[in-house]
Amino acid sequence: MSAPLLSIEDLGIIYSRANNPLPVLNELSFQVAEREFLCLVGPSGCGKSTLLRVVAGLEQPMSGKVYLAGKEISRPRRAVGIVFQDPTLMAWRTVEANVALPLEVNGCSKRESVQKAQALLSLVGLSGFEGTYPAQLSGGMAQRVALARALIHDPQLLLLDEPFGALDALTRERMGRELLRIWQARRKTVLMVTHSVSEAVFLADKVLVLGPRPSSIVAEIAIDLPRPRSRNLLGTSAFTTLTRRVREALD
């Protein structure tokens, strides 16, 4: 594995509440190598989404540092793309216009913005839907639009915060396969939060298991399954063994 692209060093988060501070993350440290796909799993409320917000520069830690390619992250940067569970698309803009919006905000020409948006919509399998509005999309399609929008700046790091959590089981499984196809095409460094153990094992190169709040890493499990991966992998003994190891760490 290549040198770390993302470094988390002794990260601490405590939320202030009236006479009752709430510790969330406790001296959390780990690294993500360039082009690595890393999944975070842990109990609800353990601070996984908070961690992603800190890495995205949307929230400041009480202690510790976050470095991307050797530079400290203290505010949102174009080098970091993020997809939330809610695709947060603008209802009055078409699919193409939603994807192109970040480029427009940064002063790119209309022609360049449209060309890049169309290329990414093709990548995520939505060619022909450029003029469609969000209300006409399924949940899976809306998340593809959100993913295309997150990739429009060609970020070094892609953060995924439970992006398929609101989808039904069949759509979620299909979107996992689609995400791997897109990742294989672009090979971005990915840090993903998920509550699904099987999803984490299917997608990741490595799974980090967080303990209860205030969270620290209780297990680091390398996923040494061959790529590219297909749904046939789900029934193998190797896949079952790895999912069991992650569940045991969670327990």
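Report follows, based on the coordinates.

Definitions and limits used
- Residues numbered from 1 in each chain as written.
- Predicted model: local features only at pLDDT ≥ 70, side-chain atom pairs only at ≥ 80, totals over all residues.
- Heavy atoms only, no water.
- Buried < 20%, exposed > 50% of the residue type's maximum accessible area, 1.4 Å probe, protein only.
- Helix = DSSP H or I, 4+ residues; strand = E, 2+ residues; numbered from the N terminus.
- Pairing = 2+ DSSP bridges.
- Axes fitted to C-alpha atoms, helices over the stretch in contact; angles between N-to-C directions.
- Contact = heavy atoms within 4.5 Å.
- Core = buried A, V, L, I, M, F, W, Y, C linked by side-chain atoms within 4.5 Å.
- Right-handed = clockwise from strand over helix to strand, strands pointing away.
- Parallel < 35°, antiparallel > 145°, perpendicular 65-115°, else oblique.
- Left-handed = near helix turned anticlockwise from the far one by under 90°.
- Nonpolar A, V, L, I, M, F, W, Y, C, P; charged D, E, K, R; others polar.
- Polar contact = N/O pair within 3.5 Å; in protein donor to acceptor, adjacent residues only side chain to side chain.

### A look at helix H2 (residues 95-105)
Here comes step 1: Of all the 11 residues making up H2, nine are buried; the element is thus mostly covered by neighbouring parts of the structure.
Here comes step 2: Of all the positions in H2, only Val-95, Glu-96, Ala-97, Asn-98, Val-99, Ala-100, Leu-101, Pro-102 and Leu-103 are classed as buried.
Here comes step 3: Just beyond H2, the residue with positive phi is Gly-107, at close to 85°.

### A closer look at the sheet that holds strand E9 (residues 206-210)
One key point about sheets: their strands pair by backbone hydrogen bonds, in either a parallel or an antiparallel sense.
Here comes step 1: One open sheet holds the six strands; their spatial order is E6-E7-E8-E3-E9-E10, and the pairing between them is mixed. At either end of the open sheet lies a strand with only one pairing partner, and these are strand E6 (80-83) and strand E10 (217-222). Looking at each pair of strands side by side, their axes are set apart by 15° on average, direction ignored.
Here comes step 2: Of the pairings in the sheet, the one linking strand E3 (residues 37-41) to strand E8 (residues 189-193) comprises four bridges and is parallel in character. Residue pairing for E8: Cys-39 is matched across the bridge by Met-192.
Here comes step 3: Packed onto the sheet, helix H4 (residues 139-151) meets E6 and strand E7 (157-161) and runs at close to 170° relative to E6.
Here comes step 4: Where helix H7 (residues 237-250) meets the sheet, it contacts E3, E9 and E10, and its direction lies at approximately 175° from that of E10.

### Considerations on the nonpolar core
Here comes step 1: Among the nonpolar cores identified, the biggest contains 52 residues, and Phe-37, Met-192 and Val-207 are the most heavily contacted of them.
Here comes step 2: The greatest single-element share of this core, amounting to eight residues, is contributed by H4.
Here comes step 3: Once residues within four sequence positions are removed from consideration, Val-207 is found in contact with Cys-39, Val-41, Ala-200, Val-201, Ala-219, Glu-220, Ile-221, Ile-223 and Val-246.
Here comes step 4: In this structure, Val-24, Leu-38, Val-55 and Ala-79 belong to the second largest nonpolar core, which totals 29 residues.

### What to know about the pairing of E8
Here comes step 1: With five of its five residues buried, E8 lies for the most part within the structure.
Here comes step 2: Across the two faces of E8 the burial is the same, with Thr-189, Leu-191 and Val-193 and Val-190 and Met-192 all buried.
Here comes step 3: Bridging between E7 and E8 involves five bridges; their strand directions are parallel. Bridge pairing in E8 places Leu-160 opposite Met-192.
Here comes step 4: Where the polypeptide runs from E7 across helix H5 (residues 169-186) and back to E8, its parallel neighbour, the crossover connection is right-handed.

### Quick word on the packing of H4 against H5
Here comes step 1: Relative to each other, H4 and H5 sit at 25°, their axes nearing to 11 Å. The angle between H4 and H5 falls in the class roughly parallel. Where H4 crosses over H5, the two elements pack in a sense that is right-handed. Judged by residue contacts, Gly-140, Gln-143, Arg-144, Leu-147 and Leu-151 of H4 engage Thr-171, Met-175, Glu-178, Leu-179 and Ile-182 from H5.
Here comes step 2: Of the residues belonging to the contact of H4 with H5, the class tally is five nonpolar, three polar and two charged.

### Topic: the pairing of E7
Working note: regular strand, side chains alternate between the two faces of the sheet.
Here comes step 1: By the criterion of burial, E7 is predominantly enclosed, with five of the five residues buried.
Here comes step 2: What you see with E7 is no split at all: Leu-157, Leu-159 and Asp-161 on one side and Leu-158 and Leu-160 on the other are buried throughout.
Here comes step 3: Of the strand pairs in this sheet, E6 and E7 are connected by four bridges, and their pairing is parallel. Looking at the pairing, Val-83 lines up with Leu-160 of E7.

### As for the sheet that holds strand E4 (residues 63-68)
Here comes step 1: Across the sheet, which stays open at both edges, the four strands sit in the order E2-E1-E4-E5 with antiparallel pairing between neighbours. The sheet terminates laterally at strand E2 (22-33) and strand E5 (71-72), the two strands that pair on one side only.
Here comes step 2: In the sheet, strand E1 (residues 4-15) pairs with E4 via five bridges, with the strands oriented antiparallel. Residue pairing in the sheet places Ser-7 in a bridge with Tyr-67 of E4.
Here comes step 3: The strands touched by helix H1 (residues 48-55) are E1, E2 and E4; relative to E1, the strand with the most contacts, the crossing angle is about 120°.

### Describing the environment of Glu-178
Here comes step 1: With respect to the secondary-structure elements, Glu-178 resides in helix H5.
Here comes step 2: The class of Glu-178 is buried, set by a relative accessible area of 19%.
Here comes step 3: Distance from Glu-178 to Ala-33, taken between C-alpha atoms, is 22 Å for residues 145 residues apart in sequence.
Here comes step 4: The contact partners of Glu-178, leaving out residues within four places of it in the chain, are Val-124 and Arg-144.
Here comes step 5: Separated by 3.4 Å, the side chains of Glu-178 and Arg-144 make a polar contact.

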